[in-house]
2 protein chains.
Amino acid sequence: MDERELWQELGQQLRVDAVRASAKAGSGHPTSSMSAADLAAVLLAGHLRYDFDAPDDPRNDRLVFSKGHASPLVYGLFRAAGVLSEEEFGTYRQLGSRLQGHPTPVLPWVDVATGSLGQGLPIGVGMAIAGKVLTRLPFRVWVICGDSELAEGSMWEAAEHASFYELSSLTAIVDVNRLGQRGETMHGWDLASYTRRFEAFGWNAIEIDGHDVGEIDAAYRAAEASEKPTAIVARTVKGKGYSAVENENGWHGKPVDVAAVEELGGSRNLTVEVAKPEAGEPHVFEAVGSDPPRYELGSKVSTRKAYGEALAALGGVDPKVVVLDGEVSNSTFAELFKDAHPERFLEMYIAEQQLVAAAVGLHVLGWKPYCSTFAAFLSRAYDFVRMAVVSRATVRLCGSHAGVSIGEDGPSQMGLEDLAMFRALNGSTVLYPCDGNQTAALVRAMADLEGISYLRTTRGDTEVVYDADEEFPVGGSKTLREGHDVALVAAGITLHEALAAAETLADEGVEARVVDCYSVKPIDGATLADLRLPIVTVEDHRPEGGLGEAVLAALAEHGVSTPVTRLAVRELPGSGKPAELLAAARIDAAHIAEAARAAVRVAAGV
Amino acid sequence: MDERELWQELGQQLRVDAVRASAKAGSGHPTSSMSAADLAAVLLAGHLRYDFDAPDDPRNDRLVFSKGHASPLVYGLFRAAGVLSEEEFGTYRQLGSRLQGHPTPVLPWVDVATGSLGQGLPIGVGMAIAGKVLTRLPFRVWVICGDSELAEGSMWEAAEHASFYELSSLTAIVDVNRLGQRGETMHGWDLASYTRRFEAFGWNAIEIDGHDVGEIDAAYRAAEASEKPTAIVARTVKGKGYSAVENENGWHGKPVDVAAVEELGGSRNLTVEVAKPEAGEPHVFEAVGSDPPRYELGSKVSTRKAYGEALAALGGVDPKVVVLDGEVSNSTFAELFKDAHPERFLEMYIAEQQLVAAAVGLHVLGWKPYCSTFAAFLSRAYDFVRMAVVSRATVRLCGSHAGVSIGEDGPSQMGLEDLAMFRALNGSTVLYPCDGNQTAALVRAMADLEGISYLRTTRGDTEVVYDADEEFPVGGSKTLREGHDVALVAAGITLHEALAAAETLADEGVEARVVDCYSVKPIDGATLADLRLPIVTVEDHRPEGGLGEAVLAALAEHGVSTPVTRLAVRELPGSGKPAELLAAARIDAAHIAEAARAAVRVAAGV
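Keep in mind it's a predicted model, so treat the numbers as computed, not measured.

Asker: Requested: an account of the overall build of chain A, with residues and values cited.
Answerer: In terms of regular secondary structure, chain A is built from 22 helices and 19 strands. Computed over the C-alpha atoms, the radius of gyration of chain A is 27 Å, within 12% of the 25 Å expected from 2.2 N^0.38 for a compact globule of 606 residues. Taken along its principal axes, the extent of the C-alpha atoms in chain A is 90 × 50 × 40 Å. Within the span of chain A, comprising 606 residues, buried residues form 70% of the whole.

Asker: Hey, could you go over the packing of helix α1 (residues 3-25) of chain A against helix α2 (residues 30-47) of chain A for me, with residue numbers and the actual values?
Answerer: All names here are of chain A. Orientation of α1 relative to α2, taken along the N-to-C sense of each, is 140°, at an axis distance of 8 Å. The handedness of the crossing between α1 and α2 comes out as right-handed. On the side of α1, the interface is formed by L6, W7, L10, G11, L14, R15, A18, V19 and S22, while α2 contributes P30, S33, M34, A37, D38, A40, A41, V42, L44, A45 and G46. Among the residues forming the contact of α1 with α2, the class breakdown is 14 nonpolar, four polar and two charged.

Asker: Lay out the relation of the copies chain B and chain A with the relevant residues and their values.
Answerer: Superposing chain B onto chain A takes a rotation of 180° combined with a translation of 0.0 Å along the rotation axis, leaving an RMSD of 0.0 Å. With respect to symmetry, the two chain copies, as superposed, fit the operation of a two-fold axis. Here 99% of the contact residues of chain B are again contact residues in chain A; the copies associate through an equivalent surface.

Asker: Break down the packing of helix α5 (residues 120-134) of chain A against helix α6 (residues 153-164) of chain A for me, with residues and values.
Answerer: Residues and elements named next belong to chain A. Viewed as axis vectors pointing N to C, α5 and α6 meet at an angle of 25°, and their least axial separation amounts to 8 Å. With respect to α6, the axis of α5 lies roughly parallel. In terms of crossing hand, the pair formed by α5 and α6 is left-handed. Facing L121, P122 and V125 of α5, the residues of α6 in contact are S154, M155, A158, H161 and A162. Looking at side-chain class alone, the contact of α5 with α6 contains six nonpolar, two polar and no charged residues.

Asker: Hey, could you go over the side chain of H401(B) for me, with residue numbers and the actual values?
Answerer: Residue and element names in this part refer to chain B. Summarising the element assignment, H401 is placed in the loop between β10 (395-400) and α17 (418-423). Exposure remark for H401: the relative accessible area of 4% places this residue in the buried category. Within the local environment of H401, its side chain forms a polar contact with the side chain of S400, the two groups lying 2.8 Å apart. Once residues within four sequence positions are removed from consideration, H401 is found in contact with R304, S331, F374, I406, Q413, M414, G415, T457 and R459.

Asker: Describe the side chain of N177(A), and please don't skip the residues or the numbers.
Answerer: Looking at the element boundaries, N177(A) is found in the loop between β3 (170-176) and α7 (191-200). In contact with N177(A), not counting residues within four places along its chain, are S32(A), S35(A), K67(A), D147(A), W189(A), T236(A), V237(A) and K238(A).

Rules and cut-offs
Residues numbered from 1 in each chain as written. Chains lettered and ligands numbered in written order. Predicted model: local features only at pLDDT ≥ 70, side-chain atom pairs only at ≥ 80, totals over all residues. Heavy atoms only, no water. Helix = DSSP H or I, 4+ residues; strand = E, 2+ residues; numbered from the N terminus. Rg over C-alpha atoms; globule rule 2.2 N^0.38 Å. Buried < 20%, exposed > 50% of the residue type's maximum accessible area, 1.4 Å probe, protein only. Axes fitted to C-alpha atoms, helices over the stretch in contact; angles between N-to-C directions. Left-handed = near helix turned anticlockwise from the far one by under 90°. Contact = heavy atoms within 4.5 Å. Nonpolar A, V, L, I, M, F, W, Y, C, P; charged D, E, K, R; others polar. Least-squares fit on C-alpha atoms with pLDDT ≥ 70 in both. Parallel < 35°, antiparallel > 145°, perpendicular 65-115°, else oblique. Polar contact = N/O pair within 3.5 Å; in protein donor to acceptor, adjacent residues only side chain to side chain.

The structure is reproduced here in structure tokens:
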């Protein structure tokens, strides 16, 4: 069999396998797999350089299925590569199978979970950036995209960044099968509409017949030779190879009759020898050493500044740390890392989706990304963070300018839902420091956490209340003041308000314990359960899903019943001075004291 | 003073005002206002058709500052239009002032809040769609954009949709002042990089000197005459007019010295006669009448299908209802509305940010938008929903395919954080029906709610447990089964599991009360507080921020202490059959019964 025949046969095998897998499962997307089968076949057999026995090898090419619903095609490729048995192939979409409905890294050859469209290409950008400026190896990044998903703005964030970073190693293979889920896409088979857009964004763009293996091969060669990122825009037929469904609407996400197997020429068992990656050694940055920042007790510094200083110091001792910015590094203070380690600082401009996606891509290549922007603007990337969880990615996020305490800029800039957003993610860690030393310790701790970790920082300066040598275990809390009448549970900016309230209360003979829940998730349930006091929680966040509800959940899980008053931002704030806005939201010292007095009165039965 | 002189003078006045306002406030973005001042001056004095005495007049042009940080310019325009007194102008950024740090609709001439970049243009697309296909009036939509924000993918979603819908009334005025917050943008003053992109997306694009009032006027005339949406890409100078800061980095978001006023020729008090809108009557659709769907007790229907059927019926009686789809209308069943009312159905393709932004734009024009996609994919638009809250917009969202109960498609498609996400928004309503009749009633109820309302629907068929005439007030609950040993609190899919668990328990002599909290927010705290029973909550959602924590919060607010066991999805799910996944997540009938038995044992002190 010559090369072309092999590719054609492999394409048919992949189609047959997509039909078989989804027919057996009773669900899945065979038609979306069949359109891309030839594109995938030529890639696997003719161009991909990948050691299936060593998927973590940083020299490997990366293959991302941005159109994750073509999972039967992904798994068919693995079968053709000889790493997936026929038996396991038959478990597609079954409980406990590694062959889930959309690809996830439960399989070692899948780098990232896809299935939320428009994410694979921006993640691929992160991988290609890693290859070019960090790992410095000549691997290629191949991303198989759907045509429908080009409606997602995130794809154009990726196009922009790929061009800006001159990622010649990146190839987007666009499977233009014309049909979305419920009908035709905006552009149908108007391939030029796509190439025009990619070219305008600075890409090399090639139109081909996506079922002509010769044209596909030539396009891949052109991509390999290109000095720009390349988009291969391939005209394909959804359901290709089975005449009953070819190019017909209404067959998205539906198994087709196994009669298709016969029309496709029956089952095949080709195994392909996939090329090995190019030799090379990954670049390693030097640990230049550095001293972590230390802040004097009683001095003032913002936690956002401490974040930047701690990050810059961390970069000196951990050469894997990379920092990504959403064009606000002078506000988040990520710029301090840039000053110290410019080679490991990546400017992602105002494109938060690409910011997080790039971090996921860097994670795949073994880097330790920290991303920062305003807490409010991380909401722009929530779907990307959600999918990063499914990808089992380890990504560190820092949101600055949290809460009403930012002041004059007003509600559009106030992160007030971020704790809820990040707590709700599987396996996430949510940290909210109140002073410089605590921030520095938590920034260091994040380096060793797995999964998604989130650090919330505050705009204004706050007093340093902890010694520089204090330790802050994730999942812990600190009792900053003893007291046996009421417990004030706070974190971040409100910790300082709680301390002030406790002072006021002490003058009145009410002894308030002050607990710093800097680890919002996991929260220190044991300490909270042991309080045995009326509790007032206070947070510069909405009342739902934040610190207050975390405390309630912890108490419930420990089977402890105690009255809890929750202070939080219950109205839509406006602009004003930070202190005015804390007061208006009823989360300042005066309102905490008022709530504590009421709690003490109720407890005393007055 | 001739026209050109007036425009130039007005430009200078707007600069002076930006300097004055931010200097007095001690914060703000004068330099970003100064770059766009001439663009704004010519627009206000020469092209905008807007009745400042009747801002809600649907015939008015709409003016959106996508670069919301240029708020001193926005307020300066209102002063120049004679609707903002000098006294109020001096309250910029003060507590209680209508002149917030970024524009919000607290001011009647501001349609939508901006300040999260990349949102104004997609919202403008919604307004222009309303003008073209719904309201059918020849108003124009002028959106003043920053250059930095063109890095946001949402801007290209807007570009794509404006082109697809042939929105000739839409003009994007891009203020290319070259400098972002922390340095130069990707493209600096390379205007062609922007025009090339817009043209590739099917726009008319014009490069101009953004400080030459003649060129600006000519460009606006060209936009008015264009049959395509027009992007005016204007080369401007940040801080223009004050030599100490002109085109200098480091002046973003900082007041400048009032010496600038002198260099700008001193304060001015020009008032501009703004042109009135073109006459015309807004189109009104006919209420054709329809019968709401009714489902027989004991029959089976999915709540997603009931959503579609109820929506189609609602469209027949409420001609203001418009439905927007994220290219999944055959899954959400929004297609039933399309079949019934094709003129009020808008396909937004796979672009969830544009989906929600368009709804906000439609809201401004008085329409009643319902948007639907998979619950998981609404996370893509979270920042847009967050900002819609700041905009005081009324937008109805429906997320289908919630939870592990979707089955085989796997975690990328499972909305598991949506309740947390939507509960955390100020003034939001979160509804989660369990059967067809309840869904139909809640879909109707949403039509009259203000703010953001969210309906969560389920993929699989569920039994109809309510009569078609049953009423479901927002904020209420239903007790579906009496019992005095334990209370099972559920909603949606888990309500059926709870009912099954109660059957099992009854066989064992344990009488479980079953409470349907279909209104997750506001939740029926009074009923929950009156239970006086051990409670088991169960939700097909993550344990954080959802039903369980809502119940805990309600109990705490009512000062009620009772043991609460929360069942929720605590691990990362995979693929499988719906029943298998409910069991694996420990939220099926068997696990509810187990938790209820344990709760009863603890309560009995066994």
